[in-house]
Amino acid sequence: MIYQIDTDKLNSLCETSADFTNPFDLRREGKVFLIGGNLPLFSTLETMYESYCQESSELFHITFGDAGQFERNIEMVRQIKRNFSIRLMGRITYPLSQAQIEQVYLAGLDILEIRDGNPGRHDDENNEFEPASATGIFPHWSVVYSMASAHSSTHEVHDRISLSLASRVIPLLSTTGRDSLWNHEETKDAFTFLAAEWRRHRVPLKPIMPLLRLVTPFVFAEPAGFLRNAIDKLQDRRILAASDLRRHLRTSGAEASFESAGL
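Residues numbered from 1 in each chain as written. Predicted model: local features only at pLDDT ≥ 70, side-chain atom pairs only at ≥ 80, totals over all residues. Heavy atoms only, no water.

Right, let's get into the packing of aromatic side chains. Applying the stated rule across the entire model yields nine aromatic pairs. Both rings, one in tyrosine 52 and one in phenylalanine 84, keep their centres 5.7 Å apart while their planes meet at 85°; by these two values the pair is edge-to-face. You can see tyrosine 52 sitting in helix α2 (residues 41-54) and its partner phenylalanine 84 sitting in the loop between α3 (70-83) and β5 (88-92), a full 32 residues away along the chain. Residue class for phenylalanine 84 comes out buried when judged on its relative accessible area of 7%. Here the aromatic rings of phenylalanine 191 and phenylalanine 218 are separated by 5.7 Å at their centres, their planes lie at 85°, and the arrangement is edge-to-face. (Phe/Tyr/Trp six-rings, centres within 6.5 Å; stacked < 30°, edge-to-face > 60°. Helix = DSSP H or I, 4+ residues; strand = E, 2+ residues; numbered from the N terminus. Buried < 20%, exposed > 50% of the residue type's maximum accessible area, 1.4 Å probe, protein only.)

Pasting the structure below:
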């Protein structure tokens, strides 16, 4: 539950963009393990394992490189999913076909993050990407649509938030530091509107909560007590296991179809 907006953090976000993603970085930020998709595969996995043994993370976030690195980045996703039992979120910032979105999902990505005006916008098209097109492959509320405040009016962002929620896509507002067209009050109003809409649509934010603590000015209420925390963790493990099972069944079905077709 969102408790309030942290004014100091909002001021900081208005000054400097809270973008921690880079395809060549490997580091922790809070409870998020940030992974660059362009890093060497096996040495990265070894470093991740050593770091994870020392301090656990609540979310892995992988940033894909450019389109030419797609297959390499997909293999990174596969290996992470095989070696770690943790929710994996990924950002891709170039156009994706439906077949590529399916590849990403079947490889093991649990949550797909889309930046406005990037994935899904094909070179021969001028239309904005429709985040809902990814929900035909990813489960509801497993696609995050990240909207920047640099070149959009608050009215446009409000409309995008409403359209995303109608398709069960999680809208996320990202600040762009001093490049933003908005003043402080407009930024605060936009985040207030976003929080109200999340609440109204009962959006399940827990899977991406570690990221939200980094990139938003919200103060989130913590569950009270050891027992409550333990129950929440067990529930989260159950949800993640069910998600992995659905992916496995879908992958098995796809392999069976290829075999029956003689491919």
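We now examine empty space enclosed by the protein. The tally for this structure, following the rule as stated, stands at one cavity of 30 Å³ or more. Of all the secondary-structure elements, those providing two or more residues to the lining of the largest cavity are β3 (32-36) and β4 (59-63). Of the residues that constitute the lining of the largest cavity, the class distribution is three nonpolar, four polar and two charged. (1 Å grid on protein atoms, 1.4 Å probe; cavity = no way out; pocket = protein on both sides within 12 Å on 5 of 7 lines; lining within 4 Å. Points joined across faces, edges and corners; volume = space filled by probe spheres on them. Nonpolar A, V, L, I, M, F, W, Y, C, P; charged D, E, K, R; others polar.)

Okay, the pairing of β3 next. Of all the five residues making up β3, five are buried; the element is thus mostly covered by neighbouring parts of the structure. Here β3 shows no split at all, with Val32, Leu34 and Gly36 on one side and Phe33 and Ile35 on the other all buried. Two strands pair when backbone bridges link them, and strand β2 (residues 26-29) and β3 are joined in this way by four bridges, in the antiparallel orientation. Bridged to leucine 26 within β3 is isoleucine 35. Linking β2 to β3, which pair antiparallel, is a turn of two residues; within it glycine 30 sits at a positive phi near 65°. As paired elements, β3 and β4 share five bridges and run parallel to each other. (Pairing = 2+ DSSP bridges.)

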